[in-house]
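# Coordinate inspection notes
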Amino acid sequence: MARQAIRDAGYEISLGLLPKSIGPLIFVFTGSGNVSQGAQEVFRELPYEYVEPEHLKKVANHGAMNRIYACVASREDHFINKETRKFDSVEYEEHPERYISTFSQKLASYATCIINGIYWAPNSPKLLTIPDAKRLLRPSHQPWLPTSPGCPVLPHRLLGICDISADPGGSIEFMRDCTTIDKPFCLYDADENTNTESFGGDGVLVCSIDNMPTQLPREATEFFGSLLLPYVPEMLKLHADAPFSSCESNPVVKNAVIAANGQLTPNFKYIADLREQRAKSELKSRSAMSKMKKALILGAGYVSGPVVQYLTKEGNIAVTVASSVKSEADALAARYKNTSPVLLDVKRSKEDLERLVDAHDVVVSLLPYELHPMVCELCIKHQTDMVTTSYVSPAMQQLEQGAIAAGITVMNETGLDPGIDHMLAMQIFDEVREKGGKISSFVSFCGGLPAPEHADNPLMYKFSWNPRGVLLTTINGAKYLENGQVHEIPTGGELMHLGPKITKVDFLEGFNLEGYPNRDSLTYRKLYGIESAHTVLRGTLRYRGFCHRITGLLRLGLINSQPHTSLHPQGPDITWKQFICNLIGQNSEILTENLKQILKEKMGLSTTQIITLEQMDLLSDKQILKKENPFDTLCHYLSKRLVYGPGERDLVVLRHAVGIEWSPDKFEHRHVEMVCYGDSNGQTAMSRTVGLPAAIATRMILDGEIQDKGLLLPIKRDIYQPILKRLAAEGIKATEGSKFFE
């Protein structure tokens, strides 16, 4: 009956009734033993044609729809030596660890269904890894395939995998558990890296039943019986208590005897070796599964909370939080399960840091960016993976080859900006490229701000950590491309003066925002692969008026890192008013009203800028806590004055505007916006949008979803797509809008 059902389906296929929207069907078989041969015997009940591996691409694109194609993959078709890039059967048998498989690229890319019938040893290359699955199950764009009601184009070519070898975590890495006779299929979702007992949804169907011989169908029993019956008389002559060596039975029967007198016969001695290997493999697998993976978090500030919370929620990752502030590490350990605190000053206790790096599977460095290279060097030394949320600095870039040689993953720029901004941009760029479009412009803005109701100070800005980074950006230079023309703004403060005039912020008007260019936007043309764009600008968002008010601080020299004699920690006490007078060469005994007049007339400050100074008590008799120079002194002052109060929340705004050219007379303006608010009595929007992408990337590394080595950015689809999907599940998601014009 089963075979007849297959023949009936084959008859309809031969008549050309196969829906054309699914494209040519290709079955790829691995192995040449009885398992593979048996599967192929059933397959041949269909109208079929065998093809060689090198013809698969042509068949996938131009194959007929009245037959099913088959390809049998042997070892030499996809196993290659890592060094020589060739296959040697003798060497492979002795040293399979020297080989890698190209199965996913050369064969699986064109397969509709994979029948895996090869034996897999623990040190052998895997046919399909978790990253392979992400690539193979990526939605494809095939507008040329015809569609009809009920027969849409399938999301990807690979639809099913039958892993007859039934090795969980073996040659098919993402096959974690064998399916059962009652529930023979599961659906593997590569983006989520999860299995569900379902036929509907995203993913590929996987069948991996490991005990099918206990339930043979009638026709198989009859066929097997007809082959066995002629040998039954010879089998009855065998004596269980006689030595096997004295057996004079028919050679066919004698060679089929597996065990005699409690011992494996010579032809089947290898089974003992296989059992031993399998037992070791299962023991190793159980040990690896029972052993909790370990993540080291360096830093216990605001961002650490969402990272620790995400990593510990499933209970299979042990987290160590190392911080120079004991109370912060203790607080995190008390709040989340499987979390241990460690007191550590990474600058002073490098030996302790090294021991911690060696004892963990991955390090998440939330330290200042200048400390990342030191941490990375230790990760390379001890072959420990690493994750950061910071830009790749030149010092980090120099460690690229070392990370590759050590075989470790160093994932960078997995926060908000940089991080989510990369991912949302690449999602658009990859889609446009696949559909044949061209990027003509890219303008991006991002900013962390107080929620509007809490922007209640002259700068309309508040700090949840050290103000140094924010204030440094005000004196940075910038470079951007506009209408094919490169524009450059010098360092020193011109950015605050020119920025709002250059950038037009005409979105989310209720927030009353302004922006200014951020760093060198031109580097992103190559990074994003958008060399066709005539306009590329990445900028920072603030509430309107911020730049003008900051310019007043710049003109007075308050954002200056040069030492100032009046600010020496051992010098005499000084007030803010006295220091301002000192900066502009005025007697400190001057009346405040006269000082304000001088600031306006001689220093060119506007009324708004003077009011800002006054409201921030920078013209008052408040005593200064001196920090050697104006910049550090101001940073310390603002870190205490412009802080979030109890119950106050922050806001994150990110927006990309992308110009797309589909044809000479068809254009699109697309934008993607993400607005996130913090929890008034919980985690901030900034800590979640920086911490969660890093935490998700960390788990993906630990789970084997990210296996590339070296310094990585989240700009590959296999990385950004799952992260964005999981961020959406955490409530962090963007919305899109689009307008077409000619």
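The rules behind these values
Residues numbered from 1 in each chain as written. Predicted model: local features only at pLDDT ≥ 70, side-chain atom pairs only at ≥ 80, totals over all residues. Heavy atoms only, no water. Helix = DSSP H or I, 4+ residues; strand = E, 2+ residues; numbered from the N terminus. Contact = heavy atoms within 4.5 Å. Salt bridge = Lys/Arg side-chain N within 4 Å of Asp/Glu carboxyl O. Buried < 20%, exposed > 50% of the residue type's maximum accessible area, 1.4 Å probe, protein only. Expected span 1.5 Å × (residues − 1). Core = buried A, V, L, I, M, F, W, Y, C linked by side-chain atoms within 4.5 Å. Polar contact = N/O pair within 3.5 Å; in protein donor to acceptor, adjacent residues only side chain to side chain. Pairing = 2+ DSSP bridges. Axes fitted to C-alpha atoms, helices over the stretch in contact; angles between N-to-C directions.

## Let's talk about the environment of Q578
Along the chain, Q578 turns up in helix α23 (residues 576-584). The spacing of Q578 and S620 is 42 residues in sequence and 8.6 Å in space, taken between C-alpha atoms. Setting aside chain neighbours within four positions, we find Q578 in contact with D573 and S588.

## Thoughts on the pattern of salt bridges
Summed over all chains, the structure comprises 37 salt bridges. A salt bridge links E431 to K435; the nearest nitrogen and oxygen atoms lie 3.1 Å apart. Using a relative accessible area of 25% as the deciding quantity, one classes E431 as partly exposed. Judged by relative accessible area, K435 falls into the partly exposed class, the value being 42%. Among the salt bridges present, the one from D703 reaches R699, with a minimum N-O distance of 3.8 Å. Taking relative accessible area as the criterion, R699 reaches 4% and is therefore assigned buried. Via salt bridges that share partners, R3, R7, E41 and E45 belong to a single interconnected network.

## Quick word on helix α28 (residues 717-729)
For α28, with 13 residues, the first-to-last C-alpha span of 18 Å sits near the 18 Å given by 1.5 Å per residue. On its buried face, α28 sits against α7 (130-136), α12 (304-312), β18 (409-411), α18 (420-434) and α27 (685-702). Looking one or two residues beyond α28, the residue adopting positive phi is G731, at roughly 90°.

## Side note on unusual backbone geometry
Across the junction of D417 and P418, the peptide omega takes the value 15°, indicating a cis bond. Here P418 is to be found in the loop between β18 and α18. Of note in this structure, N338 is not a glycine but carries a positive phi near 55°. Position of N338 among the secondary structure elements: in the loop between α13 (326-335) and β15 (339-343). Its identity is not glycine, yet N512 carries a phi of approximately 55°, on the positive side. If you trace the backbone, N512 turns up in the loop between α20 (494-502) and β22 (513-517). The class for N512 is partly exposed, based on a relative accessible area of 41%.

## What about the nonpolar core?
Counting 66 residues, the largest nonpolar core has I297, L416 and F429 as the members making the most contacts within it. If you tally residues by element for this core, the top one is α27, at eleven residues.

## Remarks on the side chain of K134
For K134, the position within the fold is in helix α7. Separated by 2.5 Å, the side chain of K134 and the backbone oxygen of A190 make a polar contact.

## Side note on the sheet that holds strand β17 (residues 385-388)
Strand order in the open sheet made by the seven strands is β15-β14-β13-β16-β17-β18-β27, with parallel pairing throughout. In the strand order of this sheet, the two ends are held by β15 and β27 (710-712), each with one partner. Averaged over all adjacent pairs, the angle separating strand axes in this sheet is 20°, with direction ignored. As judged from the four bridges shared by strand β16 (residues 362-365) and β17, these two strands associate in the parallel manner. When the sheet's bridge partners are listed, V363 is paired in β17 with M386. Contacts between helix α14 (residues 350-358) and the sheet are confined to β13 (293-298), β14 (317-323), β15 and β16, with β13 contributing the most and set at about 150° to the helix.

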